[in-house]
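Reading the structure
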Amino acid sequence: MPAFKDLDELIKNLLKQEEEKFRRIQREIEEEIERELRRFSSPLYSVNETDEGYEYLIDVPKADLATLKVESRPRRLSISCKTKDGKEYRLNLSLPDDADPSTMDVSRVKWLLKVTIKKKKQ
């Protein structure tokens, strides 16, 4: 019977060690995910529809315009930018069916980015 008790304790100890490894790995993964989420932020934005098109006002405080990337594809608008203190902002938006991405215009209004996209001619 003593051998069984030793084997039982050995198995319990091995399981405990594996559980501790698993929890440590899980904590490391969760910390990595939190670091990545803090690094990227989604900026606040608003959309205004006019007779001619759509205006997107995007709030990117302290934006470094040298890092600004605005891309439009059919039905998609993607914006990324870094701030002067190194924070990264990313925004992906769906465009309305009648938006013409080839007419996109990007400008700066105070601290906001203004993206204007005209409606398709019908």
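Everything numeric here is computed off the predicted structure, so don't read it as measured data. All chains use their own residue numbering, which begins from 1 and follows the written sequence. Per-residue local features are limited, in this predicted model, to residues with pLDDT of at least 70; the limit for side-chain atom pairs, both in listing and counting, is 80 or more; totals at the level of whole chains, interfaces and linings are taken over all residues. Hydrogens and water are ignored here; the side-chain numbers use all heavy atoms of the structure.

A word on the side chain of Glu88. Structurally, Glu88 can be placed in strand S6 (residues 88-94). By relative accessible area, which is 13% here, Glu88 ends up buried. N or O atoms closer than or at 3.5 Å make up a polar contact, with two conditions inside protein: a donor-capable atom paired with an acceptor-capable one, and, for residues adjacent in sequence, both atoms drawn from side chains. Here Arg90 takes part through its side chain, which lies 3.4 Å from a polar atom of the side chain of Glu88. Helix and strand labels come from DSSP, where a helix needs a run of H or I of at least four residues and a strand needs a run of E of at least two; each type is numbered from the N terminus. The buried label applies to any residue whose accessible area, calculated with a 1.4 Å probe on protein chains only, is under 20% of its type's maximum; exposed applies above 50%, and partly exposed to all values in between.

For the rest of this paragraph, the subject is the side chain of Ser78. Turning to its location among the elements, Ser78 is positioned in strand S5 (residues 76-82). Contacts were defined at the residue level, with two residues in contact if any of their heavy atoms lie within 4.5 Å. Apart from the residues lying within four places of it in its own chain, the contact partners of Ser78 are Lys69, Val70, Glu71, Arg73, Leu91 and Asn92.

Glancing now at the domain arrangement of the protein. How big an interface is tends to be expressed through the accessible area that disappears when the partners come together. Domain annotation for the protein reports domain 1 (1-40) and domain 2 (42-119). Here the bounds of each domain stem from an automatic or database domain assignment. The straight-line distance from the C-alpha centre of domain 1 to that of domain 2 is 45 Å.

Attention now goes to the sheet that holds strand S2 (residues 44-49). With antiparallel pairing, the four strands of this open sheet are ordered in space as S2-S3-S8-S7. With one partner strand each, in any of the chains shown, S2 and strand S7 (105-109) form the two edges of the open sheet. Between one strand axis and the next, the sheet turns by 20 degrees as a mean value, whatever way the strands run. By definition, two strands form a pair when at least two bridges between them are found by DSSP. Direction of pairing for strand S3 (residues 53-59) relative to strand S8 (residues 112-118): antiparallel, over a ladder of seven bridges. Note on S8: the bridge partner recorded for Asp59 is Leu112. Axes, fitted as lines to C-alpha atoms, cover a helix only where it is in contact. Angles between the N-to-C directions of the axes lie from 0 to 180 degrees.

Let's shift gears to the pairing of S7. Pairing geometry for S7 and S8, over five bridges, is antiparallel. Paired with Asp105 across the strands is Thr116, a residue of S8. What sits between the antiparallel neighbours S7 and S8 is a turn of two residues, in which Lys110 has the positive phi angle 55 degrees.

On to the nonpolar core, then. Membership of the largest hydrophobic core comes to 17 residues, with the highest contact counts inside it found for Tyr56, Ile58, Val60, Leu77, Ile79, Val115 and Ile117. Broken down by secondary-structure element, the contributors of at least two residues to this core are S3, S5, S6 and S8. The residues contacting Val115, other than those within four sequence positions of it, are Tyr54, Glu55, Tyr56, Ile58, Leu77, Ile79, Met104, Asp105 and Val106. By nonpolar core is meant a set of buried Ala, Val, Leu, Ile, Met, Phe, Trp, Tyr and Cys residues that side-chain atoms within 4.5 Å join together.

Nonpolar side chains (Val, Leu, Ile, Met, Phe, Trp, Tyr) are joined into patches within 5 Å and like charges within 9 Å, using only residues with over 30% relative accessible area and no salt bridge. Only the protein chains shown count as covering a residue, and every accessible area follows the Shrake-Rupley method with a 1.4 Å probe. Any carboxyl oxygen of Asp or Glu within 4 Å of a side-chain nitrogen of Lys or Arg constitutes a salt bridge here. A cluster of nonpolar side chains, namely Leu7, Leu10, Ile11, Leu14 and Leu15, defines an oily patch on the protein surface of about 460 Å² accessible area. Leu15 sits in the exposed class, given a relative accessible area of 52%.

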